[in-house]
Amino acid sequence: MKGTTRLLARVSLLLPLLASLQLQAHPLEGRWQLLTGEVNEQGQQLDYAKASMQGVKLISGYHFSFISHKDGQFYAAAAGSITLEGQNYSETPQYASYAPMIGETYRFVYRLEGDLWHNERFADGKLVERETWKRLP
């Protein structure tokens, strides 16, 4: 019985440590508000500020979801999985308001500066998307 009691005592000491490791899964975990950005796809340039683009992104574990609107109207939404490898961040939507996004992988290079998250996406060596997000409390 003494051995069981000691084992339970040791396990109970480790539980808070394990829980804290899960809470700090990675630096992008949390809620983000879109500040600025631009995208160029299919030959069309969209400056987020000029289009009054706004959005919110949630990252929980290795899943994301976002919703955005442009000029006060719904623009896009998606949810799916993410991967992180060094300064590389990828999103693969499993659900999206624009069906061609589903199953595609969008790869970004990112950097964090305090509560700001900057990311850039390239295709064929050309910058096609740039965004800056601010961490929400």
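Computed from a predicted structure; not experimentally measured.

Trainee: Explain the overall build of the protein residue by residue, including any values.
Mentor: From N to C terminus, the protein includes 1 helix and 9 strands. Counting from the amino terminus, helix and strand elements in the protein follow one another as α-β-β-β-β-β-β-β-β-β. Counting only contacts in the protein whose residues sit at least 6 apart along the sequence, the fraction spanning at least 24 positions is 36%. In the form shown here, the protein has an accessible surface area of approximately 9,200 Å², with 57% of it arising from carbon and sulfur atoms.

Trainee: Explain the layout of surface pockets to me, and be specific about the residues and the numbers.
Mentor: Roughly 830 Å³ of volume is contained in the largest pocket. Along the walls of the largest pocket sit 28 residues, with Val-39, Glu-41, Tyr-75, Met-101 and Arg-121 positioned nearest its centre. Elements with a contribution of two residues or more to the lining of the largest pocket: strand 1 (30–41), strand 2 (44–47), strand 4 (63–70), strand 5 (73–85), strand 6 (88–96), strand 7 (106–113) and strand 9 (126–135). Residues that form the lining of the largest pocket fall into these classes: 15 nonpolar, 5 polar and 8 charged.

Trainee: Residues and numbers for the side chain of Lys-57, please.
Mentor: If you trace the backbone, Lys-57 turns up in strand 3 (residues 54–60). A distance of 2.4 Å separates the side chain of Lys-57 from the side chain of Glu-91, its partner in a polar contact. Setting aside residues no more than four positions away along its own chain, Lys-57 makes contact with Gly-30, Arg-31, Trp-32, Ser-65, Phe-66, Tyr-89, Glu-91, Trp-117, Glu-131 and Trp-133.

Trainee: Which residues make up a nonpolar patch on the surface, and what are the values?
Mentor: On the surface, Val-56, Leu-58, Ile-67 and Phe-74 cluster together to form a nonpolar patch covering roughly 360 Å² of accessible area. Within the element layout of this structure, Leu-58 appears in strand 3. On the basis of relative accessibility, which here comes to 38%, the residue Leu-58 falls in the partly exposed class.

Trainee: Can you break down the side chain of Ser-90 residue by residue, with the values?
Mentor: Position of Ser-90 among the secondary structure elements: in strand 6. The residues touching Ser-90, leaving out its near neighbours within four places in the chain, are Ser-81, Ile-82, Thr-83, Thr-105, Tyr-106 and Arg-107.

Trainee: Could you give me a rundown of the pattern of salt bridges, with the residues and numbers involved?
Mentor: For the structure shown, the criterion picks out 5 salt bridges. Three or more residues joined by partner-sharing salt bridges are found here, namely Glu-38, Glu-120 and Arg-130.

Trainee: Help me get a handle on the packing of aromatic side chains, residues and values and all.
Mentor: One pair of aromatic rings is described through two measures. These are the centre distance and the angle between the planes. Evaluated as defined, the whole model comprises 5 aromatic pairs. Pairing Tyr-89 with Trp-117 gives two aromatic rings, centres 5.2 Å apart and planes at 90°, and the pair type is edge-to-face. Taken together, the residues span a long stretch of sequence, with Tyr-89 in strand 6 and Trp-117 in strand 8 (residues 116–123) at a distance of 28 residues. Residue classification places Tyr-89 among the buried positions, given a relative accessible area of 0%.

Trainee: Mind laying out the nonpolar core, listing which residues take part and the relevant values?
Mentor: By size, the foremost hydrophobic cluster in this structure holds 21 residues, and its most contacted members are Leu-28, Ile-59, Phe-64, Tyr-89 and Trp-117. For this core, the elements supplying multiple residues, two or more each, are strand 1, strand 4, strand 5 and strand 7. If we skip the residues at most four places from it in the chain, Ile-59 touches His-26, Leu-28, Glu-29, Gly-30, Trp-32, Phe-64, Ile-82, Tyr-89 and Trp-117.

Trainee: Now, about the pairing of strand 1: what can you tell me, with residues and values included?
Mentor: When a strand is regular, its side chains alternate between the sheet's two faces. As defined by bridge partners, strand 1 adjoins strand 3 across 4 bridges and the pair is classed as antiparallel. The partner of Gly-30 across the bridge, within strand 3, is Ile-59. Pairing analysis gives 7 bridges linking strand 1 to strand 9, with the strands arranged antiparallel. Bridging across to strand 9, Gln-33 finds its partner in Lys-134. Of the strand pairs in this sheet, strand 1 and strand 2 are connected by 4 bridges, and their pairing is antiparallel. Note that in strand 2 the partner of Glu-41 across the bridge is Gln-44. Turn length for the strand 1-strand 2 hairpin, with the two strands adjacent in sequence and antiparallel, is 2 residues, and the turn residue Gln-42 shows positive phi of about 55°.

What counts and how
- Residues numbered from 1 in each chain as written.
- Predicted model: local features only at pLDDT ≥ 70, side-chain atom pairs only at ≥ 80, totals over all residues.
- Heavy atoms only, no water.
- Helix = DSSP H or I, 4+ residues; strand = E, 2+ residues; numbered from the N terminus.
- Contact = heavy atoms within 4.5 Å.
- Areas by Shrake-Rupley, 256 points an atom, 1.4 Å probe, with all protein chains shown as cover.
- 1 Å grid on protein atoms, 1.4 Å probe; cavity = no way out; pocket = protein on both sides within 12 Å on 5 of 7 lines; lining within 4 Å.
- Points joined across faces, edges and corners; volume = space filled by probe spheres on them.
- Nonpolar A, V, L, I, M, F, W, Y, C, P; charged D, E, K, R; others polar.
- Polar contact = N/O pair within 3.5 Å; in protein donor to acceptor, adjacent residues only side chain to side chain.
- Patch = residues over 30% accessible without salt bridge, like charges linked within 9 Å, V, L, I, M, F, W, Y side chains within 5 Å.
- Salt bridge = Lys/Arg side-chain N within 4 Å of Asp/Glu carboxyl O.
- Buried < 20%, exposed > 50% of the residue type's maximum accessible area, 1.4 Å probe, protein only.
- Phe/Tyr/Trp six-rings, centres within 6.5 Å; stacked < 30°, edge-to-face > 60°.
- Core = buried A, V, L, I, M, F, W, Y, C linked by side-chain atoms within 4.5 Å.
- Pairing = 2+ DSSP bridges.

Any functional reading would require information that these geometric values do not contain.
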